[in-house]
Amino acid sequence: MNHLKLLGLTSALVLTGLTVWAQTDDPFADIVETRHGLMMQMAADVGKMGAMVKGEVPYDAAIAAKAAANVAAVASVISMDQFPAGSEVGKSADSFAKADIWAAQDDFLTKIADLNTAAEALKAAAGTDADSLKAGIMGLGKACGACHTTYRQSEG
Ligand code: HEC
């Protein structure tokens with residue numbers, strides 16, 4: 001293939017990419033997917049620890065400690081960066097974020113901080129024993145729930 005042809009092919013691909021971008025018409029699609037991914041990762045690790053707390057699987061200090069460390073790491077990533085103004089339910093496909101997030105941003109930020117506090121406490125406790133894991137998970141669950149109650153539109 002000569003260089004001219006290669007150049008033509010490249011611009012065709014670039015144009016196709018631009019067309020696809022223009023057609024989606026949802027500037028928040030990627031960031032909504034990103035925050036869903038962060039939430040789903042936390043939920044997966046919470047699920048592992050929850051199964052131990054419920055007695056569905058035996059307590060395993062190493063698995064619990066790793067899952068708790070994961071939640072703390074993911075929680076530390078969450079910020080307004082994944083919640084740009086305008087990405088609320090009804091304005092961006094797949095978003096279930098309530099507009100109150102931006103109307104009461106200080107409170108939303110407090111809830112992110114509370115999540116990190118609870119996740120760090122869980123991280124410190126999860127590998128100790130089953131009772132410590134349980135106490136830590138209860139605290140974390142409260143932090144998740146407090147934010148969802150106020151700022152997440154229920155899907156049902
Ligand atoms: C500071 C607020 C806040 C905290 C704390 C928080 N969430 Fe969320 N979460 C949200 C919002 C807002 C949405 C809706 C986002 C959207 O649809 O764009 C959401 C959505 C979700 C979803 C649905 C994701 C999807 O793909 O639809 C899951 C699962 C979830 N959160 C799990 C958790 C877990 C587990 C925790 C605690 C470890 C947690 N969240 C803590 C605000 C929070």
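In what follows, the structure referred to is the one given above.
Residues numbered from 1 in each chain as written. Predicted model: local features only at pLDDT ≥ 70, side-chain atom pairs only at ≥ 80, totals over all residues. Heavy atoms only, no water.

### Things to note about the environment of leucine 115
Argument step 1. In this structure, leucine 115 sits in helix 5 (residues 105-125).
Argument step 2. Since its relative accessible area comes to 8%, leucine 115 is described here as buried.
Argument step 3. In this structure the C-alpha to C-alpha distance between leucine 115 and alanine 143, which are 28 residues apart in sequence, comes to 5.2 Å.
Argument step 4. Those residues within four positions of leucine 115 in sequence are excluded, and the remaining contacts are Met42, Ala75, Ile78, Leu140 and Ala143. (Helix = DSSP H or I, 4+ residues; strand = E, 2+ residues; numbered from the N terminus. Buried < 20%, exposed > 50% of the residue type's maximum accessible area, 1.4 Å probe, protein only. Contact = heavy atoms within 4.5 Å.)

### Observations concerning the site of the ligand
Argument step 1. Surrounding the ligand, one finds 25 residues, the nearest of these being Met39, Phe96, Cys144, Cys147 and His148.
Argument step 2. A distance of 2.7 Å separates an oxygen atom of the ligand from a polar backbone atom of phenylalanine 96.
Argument step 3. Between the ligand and the protein, one listed contact pairs a nitrogen atom with a side-chain N or O atom of histidine 148 at 2.8 Å.
Argument step 4. For the shell around the ligand, the elements supplying multiple residues, two or more each, are helix 2 (29-53), helix 5 and helix 6 (130-151).
Argument step 5. It is helix 2 that provides the largest number of residues to the shell around the ligand, a total of seven residues.
Argument step 6. Residue composition of the shell around the ligand, by class: 17 nonpolar, three polar and five charged. (Near = heavy atom within 4 Å. Polar contact = N/O pair within 3.5 Å; in protein donor to acceptor, adjacent residues only side chain to side chain. Nonpolar A, V, L, I, M, F, W, Y, C, P; charged D, E, K, R; others polar.)

### Details of the packing of helix 2 against helix 3 (residues 61-77)
Argument step 1. Contact geometry of helix 2 with helix 3 gives a least axis separation of 9 Å together with a crossing angle of 155°. Between helix 2 and helix 3, the interaxial angle falls into the category roughly antiparallel. Seen along the crossing, helix 2 lies across helix 3 with a hand that is left-handed. Taken together, the residues of helix 3 that come into contact with helix 2 (itself represented by Leu38, Gln41, Met42, Asp45, Val46, Lys48, Met49 and Met52) are Ile63, Ala64, Ala67, Ala68, Asn70, Val71, Val74, Ala75 and Val77. (Axes fitted to C-alpha atoms, helices over the stretch in contact; angles between N-to-C directions. Parallel < 35°, antiparallel > 145°, perpendicular 65-115°, else oblique. Left-handed = near helix turned anticlockwise from the far one by under 90°.)

### Here's the deal with the packing of helix 3 against helix 5
Argument step 1. Close contact between helix 3 and helix 5 brings their axes to 8 Å; oriented N to C, the two are set at 160°. Taken together, the axes of helix 3 and helix 5 are roughly antiparallel relative to one another. Pair helix 3 / helix 5 crosses with left-handed handedness. From helix 3, Ala68, Ala69, Val71, Ala72, Ala75 and Ser76 reach across to helix 5, where they touch Leu115, Asn116, Ala119, Glu120, Leu122 and Lys123.
Argument step 2. When the residues that make up the contact of helix 3 with helix 5 are grouped by side-chain class, the tally is eight nonpolar, two polar and two charged.

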